[in-house]
Amino acid sequence: QVQLVESGGGLVQAGDSLRLSCAASGLTFSNYAMGWFRQAPGKDRDIVAAISWSGGNTYYADFAKGRFTISRVNAKNAVYLQMNSLKPEDTAVYYCAAVRSIAVVTTSQSYNYWGQGTQVTVSS
């Protein structure tokens, strides 16, 4: 059984930083592209960042560029999202997702496996 478990969310103030972690099991991790998505109440689920199975190619949503960094350590079956200079509009549930692909994948409908999400709340 494939399982993705996010951690690292919490309540922070504007300007603070958080590092989200995603631990994967039940799959050959290095064969999967990974992504981070977020969803605020009443909103669609949006791409935040994505990374290829090698880690050599990444994608960032416009709001994430220059502030967020996605990375992976295949030997640990883990993907991370470092978030700096957080803003109140970053408040959302953040999800880790996986899809068997050699390339970066940026659409939520393409992903096969999802974590349960971790709440990030940024106060002003």
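Structure first, text after, so check above.
Reference entry: report on the structure contained in this document. Keep in mind that this is a model prediction, so the values were computed, not measured.

This paragraph deals with the overall build of the protein chain. A count of helical and extended segments in the protein chain gives 0 helices and 11 strands. Along the protein chain, helices and strands appear, N-terminal first, in the series β-β-β-β-β-β-β-β-β-β-β. The C-alpha atoms of the protein chain give a radius of gyration of 13 Å, which matches the 14 Å a tight globule of 124 residues would have. Principal-axis analysis of the C-alpha atoms gives the protein chain an extent of 40 × 25 × 25 Å. By the burial criterion, 42% of the 124 residues in the protein chain qualify as buried. Taking the contacts inside the protein chain whose residues are at least 6 apart along the sequence as the reference set, 59% of them involve residues at least 24 apart. Accessible surface computed for the protein chain: about 6,200 Å², of which carbon and sulfur atoms make up 44%. Here the protein chain carries 10 positive and 7 negative side-chain charges, and the mean point of each set is 8 Å from the other.

On to the nonpolar core, then. Within the largest apolar cluster, 28 residues are counted, with the highest numbers of intra-cluster contacts made by Met 34, Trp 36, Val 79, Leu 81, Met 83 and Tyr 94. Where this core is concerned, the elements lending two or more residues are strand 3 (18-25), strand 4 (32-39), strand 5 (46-51), strand 7 (68-73), strand 8 (78-83), strand 9 (92-100) and strand 11 (118-123). Once you skip the residues sitting within four places of it in the chain, Tyr 94 turns out to touch Glu 6, Leu 20, Trp 36, Phe 37, Arg 38, Val 48, Phe 68, Leu 81, Met 83, Gly 117, Thr 118 and Val 120. Judged by nonpolar contacts, the second largest core, of 8 residues, contains Ala 33, Phe 37, Val 99 and Val 105.

The next thing to look at is the environment of Leu 20. Take Leu 20: it is sitting in strand 3. Accessibility expressed as a relative area gives 0% for Leu 20, which makes it buried. Taking the C-alpha atoms as reference points, Leu 20 and Trp 36, separated by 16 residues in sequence, lie 9.5 Å from one another. With sequence-adjacent residues up to four places away left out, Leu 20 is seen in contact with Ser 7, Gly 8, Gly 9, Trp 36, Val 79, Tyr 80, Leu 81, Met 83, Tyr 94, Thr 118 and Val 120.

Basis of the calculations
Residues numbered from 1 in each chain as written. Predicted model: local features only at pLDDT ≥ 70, side-chain atom pairs only at ≥ 80, totals over all residues. Heavy atoms only, no water. Helix = DSSP H or I, 4+ residues; strand = E, 2+ residues; numbered from the N terminus. Rg over C-alpha atoms; globule rule 2.2 N^0.38 Å. Buried < 20%, exposed > 50% of the residue type's maximum accessible area, 1.4 Å probe, protein only. Contact = heavy atoms within 4.5 Å. Areas by Shrake-Rupley, 256 points an atom, 1.4 Å probe, with all protein chains shown as cover. Lys, Arg positive; Asp, Glu negative; His and termini not counted. Charge placed at Lys NZ, Arg CZ, Asp CG, Glu CD. Core = buried A, V, L, I, M, F, W, Y, C linked by side-chain atoms within 4.5 Å.

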